[in-house]
Structure formats: structure tokens, C-alpha cells
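Residue-level structural notes
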Amino acid sequence: MATHAASNVYRLAAPLPLDSGQALEGVEIAYETYGELAADRGNAVLVCHALTGDQYLASTHPVTGKPGWWERMVGPGKPIDTARHHVICANVIGSCMGSTGPASLAADGQPHAMRFPVITIRDMVRAQVALLDGLGIERLHAVVGGSMGGMQALSLAADFPNRAARILAIATTARHSAQNIAFHEVGRQAIMADPAWRGGEYYGAGASPDAGLSVARMAAHITYLSEEGLTEKFGRRLQDRDAKSFGFDADFQVESYLRYQGSGFVQRFDANSYLYITRAMDYFDIAEEHGGLLADAFAGTTARFCLVSFDSDWLYPTAESRHVVHALNAAGAPVSFVELSAPFGHDSFLLEVPALDRVIRGFLDG
Amino acid sequence: MASVGAEALRPDLAVIARQVPHGARVLDVGCGDGALLATLREGKQVDARGIEIDPVLVERCVARGLSVVQGDADRDLTFYPDGAFDVAILSQTLQTAARPDRMLAELLRVGRRAFVSFPNFAYWRMRWALLSRGRMPVTRHLPVSWYETENIHHVTVTDFEELAASLGITVERRWFFTREREVGGGGANWRAEYALFEVSR
């Protein structure tokens, strides 16, 4: 699939230095904004998206035609209030919705594919900060993100301690666990085992590794839901049939649902981007980047923090948020933390959880 | 300093609100819905932080813009560095601690001084209820039956003073309250329904 560039695009004048030691030339960052920037440029809120998210935070997605991924949270009068805040959401580098990624063309006119350098969460944040520089925004009112978006929010606080007044990190972690890495590796191996992947050189080849990417999405999707939620939604119910087929069709509703999730996903996402972004998440360990002690990462911060976890999230469980909170306590940073009760697992941050609305609104106003 | 807007606060909290210095770094352990912290933030411009175990109350604190962490005071005080706060507050929570002696020590490790309030189990109505009926008292300040109360370490004014002395903790000041009014210190272990101590190392 090709990249999409329907959004505003900011082109970095200088090469973007990367944690790998390489530098990325000609980086483009696709972004959307909502609400007016105040004259003093003090009302900007950066929202960072998750692994398969994009900049279409509160506007219609150009490929799927679906509403923005956080429209319930962002808009006039909503908890992230675009009547008062200038909200910015940029596609992360490595992705495929307009920012430079493996599907983008390299200097030789061919897609980067696997020549694209391995990037990190901190590299994504460097790109976000370069965009802020370009937009003339010195200090953000807040950075908000869930899941990988929360990782970026924490990473920004650690590496650019003066760029934001508030850091709101939801359903996230300061490091990827062995279990997190393990699930991602299953997804990557599914993509790379697809013959259509061709070592990443499938652009223009007529076929993409859709089967592999779909399996990767199916496996990941399970980790975004709670067992309770799956049981409630599907149980052992059969899909459009009265009896088991004694075959390998999607007999069960949950199978049908996962297949649908997988096949929908490949319409809007690039398999190589999935490899690169999951790798970035697996490499993520803020403490490691700051000499081994997480509290040291936040020693120079000037921000107030708010962390939110969900009791049914087993991907980034509450203990991971507490770990960050304790480090922030040790660093003397002002921090709020609450574990909210919601049945939807990791995906709770995207769904109807009224308490989350109240926490976000209160934190951004306070 | 009645101008701190402490009128709506419980009497022990109102005293604390008056006593906390302007601009202090304050940790309220078991801060509830954040009423005291909000009063201190607005009236005294303190750097207000809180710990609260009940997620519904934490959510209310965060929604009013306070820096409050959902946590267990028995476990989570250890994550704050020595002397991180000018004032640590433990209101009506000491008697719920797994080890009140350790919590008191922790309070004065993270705070240079502390305000501690607790229901006085030697209040005469308690003694009378126990003596006359022979059953654990259920009162306005200790309204829950013995088998479901969170107050697992009942304490008296004298007990607290002895504990402080044995831990080398200095009692700076004390206030006593009965029926939501401040009362004098004479015969406090009989007369006070609850007590507030300002302590330091």
C-alpha cells in the first residue's frame, strides 16, 4: 500500500538524528490540528497516538471513512476541549499515514522498505519535538497519550523536560516487558513468514503480506481485550450456524471477529511499518536510557504528571503505572495516579469510561 | 488566618489548614476527596500532594486538579525521599495502619513535621459503652461495627503520647475536639472525642 498525505505535512530541514546512530534525511511529518492556537502559543496540547493509530484523532479517517479514533474525547466542550486548546496529533515516523516510514521513497526514488533504519520511541519523540519547533510551540499545555502514545508522553518528559507543563500517560508503561516483546515477536514472525513479504520488498510487487499482517493484528488484538470482555461478548457462541462444522471455518464468533479485525486492518496499515513500530516499542526502556534508574530520567522535569491504568488491562497492568509513579515520587515531581475500573482491557482508554473523561478534564484544567 | 476558606472543613482539618505555613510542601496521607489539600492550595499556595486508597475519591481529587496518587499508605510512603515535604498530614488514618508505629516513623521521615489526628478510644462515652454494655462501642466517630471497621488499631491520647516518646518523637502542640468543637487539654484522655497532634523529630 502507498502512504497517504491528505494531512498537513511538515518537512524537517535537517536530518533527524536517531538512537541507532544513523540520521534520517528528508523526514516528513503528517499532522492534524484542531482548535485555534492562542496568541501566546500557550494552549497547545499534543496527543500521541498508539501503535496502529494515526493523526486522524478527531476527524474522519481518509481510508476507512470512520470517525477519528478519539472523537469521544477530543472536540468542542469535550474533555480535551478544542474550544480552548489547540490540539495537535502527528503520525509517528515509521508509520504509513503520511509521515516518513518504510513505505516512503528514499533518495533513490525507491521505497525504503527494510533499508529504513530501526527507530525508537525516543526517535518518534524527537520528530514530534521537531514539528513543535517548526510550529513555533515552545512549551505545550499538555502531552496526552494512551498505550504507545503514553510511552511518547513519558519519553518527552524525560528527554525534553521543559517542553510540556502536563504529562498525561494512560494505560502505558516505562518499559516493554518480556511478555510484551513476546507478543510482538509473534506478530513480526507472522508477517515475515508470509511469502508475499519478500524480505520487505513487496511495494509494487502486486501483493502485500496481508495474511501475515492480519495474523499479527489478530494476535495483538487479543492482548487489547480482557478475558472477561471476550467471554461476555462472544462466549462459546457459534457464528451463523447451529452446530460445529468439524472443519476449520470460523465456527466460533470470536474467530469470525478476529478474522474481521485482521482483514480490516490490512486495508489501512503497512506490514513493514508494523515491524518497525513494534520494534521501537520493544526497545523502549526509559530507565535504561537514563543510566538504569527511572527516577533519574525525571530528575529535571518541570511538568505535572497524571497516570491512569485500568484494572482489566493485562498488557500494561497497573503495576507498570505504579512503577512510574514511584519513580516520579522519588524525583519529587507532582503526580496523580488512579487505577480506573473498566471491563474492556487495554482498549478501555479508547472506549466509554466516564471516569476517564473526568480525570482528563480535571487534569488538563488544573 | 481564618481567611484560608477552611470554614467547611472538619475541625481538626481546619486547625491544620491554619497551622500549615504559606507555600509549604505538603503531603496529605489518606487525603479523602482532597478538601484539605484544595483549601491549602487556594489559601496558602502550598505544593499540595496526596495519597488516597479509594479510587473514587482519587478520581474526585484529580478532577479538581490535585496531585493525588492512588496508593496504600502502609506500603507507598517508602517511595518518597527523606525530607521531601515540609508538612506531612495523617488525619483520622493512624488507627487504620497495619503498623501505626512504623507509619508515624515514615511520616516523619518524608515530612519535617507532621499533623496526626485520631479518634480517642478512651473518650468517656467509649469507656461508658464498653463498661455498661460490655460491647465494642459504635459512635459517631467510630460508626462501624468491630468486624467490618477499618480501624484496626484503636488508640488513646495517652497511648499516642507514650508511642511518640518511645520513638523519640517530639510533640510540638496538641488540640482536642468533642462534638466537632475544640476543647481544652485538661483531662483530655477522658474528655476528647478525637485529638490532633503536631509532631516532629
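Up top is the structure these notes are about.
Described in the following lines is the structure provided in the data block. Here the structure is a predicted model, which is why all the values come from computation and not from measurement.

**Observations concerning the overall build of chain A**
Each helix and strand counted, chain A has 11 helices and 12 strands in total. A globule of 366 residues ought to have a C-alpha radius of gyration of about 21 Å, and chain A, at 20 Å, matches this closely. Each principal axis of the C-alpha distribution contributes one length, and for chain A these read about 65 × 50 × 40 Å. Every one of the 366 residues in chain A was classed for burial, and the buried ones make up 54%.

**Overview of the pairing of strand β11 (residues 304–310) of chain A**
All names here are of chain A. With seven of its seven residues buried, β11 lies for the most part within the structure. Inspection of the sheet shows strand β10 (residues 166–170) paired to β11 by five bridges, in the parallel sense. Of the residues in β11, the one forming a bridge with I167 is F305. Pairing of β11 with strand β12 (residues 335–340), which is carried by six bridges, proceeds in the parallel orientation. Note on β12: the bridge partner recorded for C306 is S336. Crossover β11 to β12 through helix α10 (residues 318–331) is right-handed.

**Focus: the interface of chain B and chain A**
Residue-level contacts link 16 residues of chain B with 23 residues of chain A. Considered class by class, the residues forming the side of chain B that touches chain A number 10 nonpolar, three polar and three charged.

The rules behind these values
- Residue numbers run consecutively from 1 along every chain, following the written order of its sequence.
- Chain letters start at A and ligand numbers start at 1, both assigned in the order the entries are written.
- For a predicted model such as this one, the threshold for reporting local features is a pLDDT of at least 70, and the threshold for listing and counting side-chain atom pairs is 80 or more; totals across whole chains, interfaces and linings nevertheless cover every residue.
- Numbered from the N terminus, helices here are DSSP runs of H or I no shorter than four residues, and strands are runs of E no shorter than two.
- C-alpha atoms define the radius of gyration in this analysis, and the globule rule sets the expected value at 2.2 Å times the number of residues to the power 0.38.
- Here a residue counts as buried when 20 or more other C-beta atoms fall within 10 Å of its C-beta, as exposed when 12 or fewer do, and as partly exposed in between; the C-beta atoms come from the backbone.
- Strands were regarded as paired on the criterion that DSSP finds at least two bridges between them.
- If the strands point away from the viewer and the path from the first strand over the helix to the second runs clockwise, then the crossover is right-handed.
- Residues are treated as contacting if the C-beta atoms built from their backbones sit within 7 Å of each other.
- Note on residue categories: nonpolar means Ala, Val, Leu, Ile, Met, Phe, Trp, Tyr, Cys or Pro, charged means Asp, Glu, Lys or Arg, and polar means any other residue, Gly included.

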